[in-house]
Amino acid sequence: MTHRISRRARVLAAGLGAGLVVPLVAAAAPASATAAAQVSCTSDQAGLAAKLQRDITAALANRSGTIAVGLHDRTTNTTCTLRSSTAFDSASVVKVTVLATLLWDAKKHNRLLTQRESDLATAMITKSDNDATSTLWRQLGVTKVKGFLTAAGMTQTKPGADGYWGLTQITVRDEQKLLGLVTAKNSVLSDNSRTYILKLMNKVISSQRWGTPAGAPSAVSVHVKNGWLSRSTHGWRVHSVGTFNGGGHDYTISVLTHGNSTMNYGVTTIQGVAKAIHKDLVPVTAGAQRYTPTATPQEAFVSVPAGG
C-alpha cells in the first residue's frame, strides 16, 4: 500500500510540474459544465439565501456551457457565487475597467477629463464603441491599467496583450469588486467618478440593454455593461454586469459565460439567472412592471488575433 501511495504522489507531482491538471478523483466528467459546481449563497435575511440558491440553480438547470455568477446586496448582506474565480475572455465588459482606469489616473493627476476623453468614454460605454475603447486603451497603456487593477484589488484580472483588450482575462470575483467600488464610497474612485460611471451605464442604448437587467422591477434603477465574443475555442462568450438600486435594495450582479452555441443562447442563460435574482430580492405585486430587455440584443464585435 505504501508503494502505491508514493507512486501516485510522484505521478501527481509530475503532472503538476508539467502544467497539467490532474484530477484527484477518477470519475466520469459531467455531461454539462454547469453541473460541476454549485451555487453558494449567504444572507442576513432569514430564508433569502436558500431561496436564491434554489432559484438560481433552477434557472441554470439544463443550460449548457460554463457559467459564473456573482451577486451582492448591501441592504441584506446577501452574497451568491458560482465559479467566482473561473477566467473568461472579457469581450466588451472590460470597458468599465478602462473607464475606471481613466478616471483613477485623472484623479491621481488632479485633473478633469478632457472633452475628447469624455466623448470617447461616452461612446465606449453607451454604444460599446470599439474604436473609442482602443484609443483610450492605447492612451492609458497596460501599465496604468495594471496600476488600477492593483489599487482596486482586482488581482485575478489580466489585461489582454498586444492591444487586444477584449481578451483581458476576467473573473466574477473581480467584476464584483469593480462594481462594489463603483457603487460605494472608497479611496480608489472619487464620488464624482463613481457617479459618472453609473450615469453612462444607465444610458446604454436599447439594443444593448439585455442581460442582468432582465426582470428588474420598474422601481429599480438599472446600470449595465455587456459583451460578447465568438472564438474557435469555448464558442460564444456572453457576459453581463450590472448595478441596481431601488425597492429597498442596493445590489450588483455579474454573470459570465462561455461555451454557448450562439449569442442568443448565452443571453437567455444570463437573463434566466437575472430574473430569478430580481424576483427574490425585490418581490413585486402582480401587474407591477418589470424590466423587459430588448428582443434583438446587439453588441459590437471586439478584435481578436486571426485564427483565435
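First, a word on scope: everything that follows refers to the structure included in this document. (Residues numbered from 1 in each chain as written. Predicted model: local features only at pLDDT ≥ 70, side-chain atom pairs only at ≥ 80, totals over all residues. Heavy atoms only, no water.)

1. Describing the packing of aromatic side chains
What counts, and what does not: Aromatic pairs are defined between Phe, Tyr and Trp rings, using the six-membered ring for Trp, whenever the two ring centres lie within 6.5 Å; interplanar angles under 30 degrees are classed as stacked, those over 60 as edge-to-face, and all others as tilted. Secondary structure elements are taken from DSSP: a helix is a run of H or I of four residues or more, a strand is a run of E of two residues or more, and numbering for both begins at the N terminus. Relative accessibility thresholds used throughout: buried, under 20% of the residue-type maximum; exposed, over 50%; partly exposed, between the two (1.4 Å probe, protein chains only). Two thresholds decide whether a charge sits over a ring: the Lys NZ or Arg CZ must be within 6 Å of the ring centre and within 35 degrees of the ring normal.
Tallying each qualifying case throughout the model produces 5 aromatic pairs. Residues Trp 104 and Phe 148 carry aromatic rings whose centres are separated by 6.1 Å and whose planes lie at 65 degrees to one another, so their mutual orientation is edge-to-face. In this pair, Trp 104 sits in helix α3 (residues 95-108) while Phe 148 sits in helix α5 (residues 130-152), placing the two residues 44 residues apart along the sequence. Summarising the burial analysis for this pair, Trp 104 and Phe 148 share the class buried. The rings of Trp 228, Trp 236 and Phe 301 are connected pair by pair, giving a single aromatic cluster. The lysine or arginine in question, Arg 63, covers the ring of Tyr 265, its NZ or CZ lying 3.9 Å from the ring centre.

2. What to know about the packing of helix α4 (residues 115-126) against helix α7 (residues 191-202)
Note the following rule: Helix axes are fitted to C-alpha atoms over the stretch in contact, other axes to C-alpha atoms as well, and angles between N-to-C directions run from 0 to 180 degrees. Reported orientations rely on four angle classes, namely roughly parallel under 35 degrees, roughly antiparallel over 145, roughly perpendicular from 65 to 115, and oblique for the rest. Crossing handedness is read from the near helix: turned anticlockwise from the far helix by less than a right angle, it gives a left-handed crossing, and turned clockwise, a right-handed one. The criterion used for residue contact is that any of the two residues' heavy atoms lie within 4.5 Å. For this classification, Asp, Glu, Lys and Arg are treated as charged, while Ala, Val, Leu, Ile, Met, Phe, Trp, Tyr, Cys and Pro are nonpolar and the rest, including Gly, are polar.
At their nearest, the axes of α4 and α7 sit 8 Å apart, and the two run at 50 degrees to each other. In terms of axis orientation, α4 runs oblique to α7. Judged by the twist between their axes, the crossing of α4 over α7 is right-handed. Within the contact between the two elements, α4 uses Ser 118, Ala 121, Thr 122, Ile 125 and Thr 126 and α7 uses Tyr 196, Leu 200 and Met 201. Looking at side-chain class alone, the contact of α4 with α7 contains 5 nonpolar, 3 polar and no charged residues.

3. Considerations on helix α6 (residues 172-183)
To be explicit about the condition: To estimate the expected span of a helix, count its residues, drop one, and scale the result by 1.5 Å.
Helix length check: α6, at 12 residues, gives a terminal C-alpha distance of 16 Å against a target of 16 Å (1.5 Å per residue), a fit within 8%. Counting buried positions along α6 yields 9 of 12 residues, so the element is predominantly enclosed. For α6, the set of buried residues is Val 172, Asp 174, Glu 175, Gln 176, Leu 178, Leu 179, Leu 181, Val 182 and Thr 183.

4. Side note on the layout of surface pockets
Vacant regions in the atomic arrangement are exposed by a probe of water-molecule size rolled over the atoms. Just so we agree on the cut-off: Put simply, the grid is 1 Å and covers the protein atoms alone, a cavity is a trapped set of points that fit a 1.4 Å probe, a pocket is an open set with protein on both sides within 12 Å along at least five of seven lines, and lining residues have an atom within 4 Å of a point. Grid points are joined across faces, edges and corners, and a volume is the space filled by probe spheres set on the points.
Roughly 220 Å³ of volume is contained in the largest pocket. Every residue along the wall of the largest pocket is listed here: Leu 103, Ala 106, Lys 107, Arg 111, Leu 112, Leu 113, Ser 118, Ser 190, Asn 192, Ser 193 and Tyr 196. Counting only elements with at least two residues in the lining of the largest pocket, the list comes to α3 and α7. In terms of residue class, the lining of the largest pocket is made up of 5 nonpolar, 4 polar and 2 charged.

5. As for the environment of Ser 303
When you line up the elements, Ser 303 lands in the segment after α8 (263-281). Overall, the relative accessible area of 48% leaves Ser 303 in the partly exposed class. Taking the C-alpha atoms as reference points, Ser 303 and Ala 91, separated by 212 residues in sequence, lie 8.9 Å from one another.

6. Observations concerning the state of the cysteines
In a disulfide, the sulfur atoms of two cysteines are covalently bonded to one another. Just so we agree on the cut-off: Count a disulfide wherever a pair of cysteine sulfur atoms falls within 2.5 Å.
Taken as a whole and assessed by the stated rule, the structure comprises 1 disulfide. Residue Cys 41 pairs covalently with Cys 80 via a disulfide, S to S 2.1 Å. Between Cys 41 and Cys 80, the S-S dihedral sits near 115 degrees, and the bridge is therefore right-handed. Of this pair, Cys 41 sits in strand β1 (residues 40-42) while Cys 80 sits in strand β3 (residues 78-82), and the two are 39 residues apart along the sequence. Cys 80 shares its class with Cys 41; the two are buried.

7. Observations concerning the pattern of salt bridges
Quick reminder of the rule: The working definition used for a salt bridge is a side-chain nitrogen of Lys or Arg within 4 Å of a carboxyl oxygen of Asp or Glu.
A complete count under the given rule lists 14 salt bridges for this structure. Ionic pairing is found between Lys 279 and Asp 280, a salt bridge with its closest N-O pair at 3.0 Å. Salt bridges here are not isolated pairs; linked through shared partners, they connect Lys 51, Arg 54, Asp 55, Lys 279 and Asp 280.

8. A look at the nonpolar core
This is how it is decided: Take the buried Ala, Val, Leu, Ile, Met, Phe, Trp, Tyr and Cys residues and link them wherever side-chain atoms come within 4.5 Å; each set so joined is a nonpolar core.
Leu 99, Met 124, Ile 125, Phe 148, Leu 178, Leu 189 and Ile 197 are the most contacted members of the largest nonpolar core, which has 47 residues in total. Those elements that place two or more of their residues in this core are α3, α4, α5, α6, α7 and β6 (221-230). At 8 residues, the largest contribution of residues to this core is made by α5. Residues contacting Ile 197, with those up to four places away along its chain left out, are Val 96, Leu 99, Ala 100, Leu 103, Val 182 and Leu 189. Residues Ile 67, Leu 82, Val 255 and Val 267 belong to the second largest nonpolar core, which totals 29 residues.

9. Describing unusual backbone geometry
A positive phi angle, near 50 degrees, is found at Arg 83, a position not held by glycine. Relative to the helices and strands, Arg 83 resides in the loop between β3 and β4 (88-89). For Ala 91, which is not a glycine, the phi torsion comes out positive at approximately 50 degrees. Mapped onto the secondary structure, Ala 91 falls in the loop between β4 and α3. For Ala 91, a relative accessible area of 0% gives the class buried.

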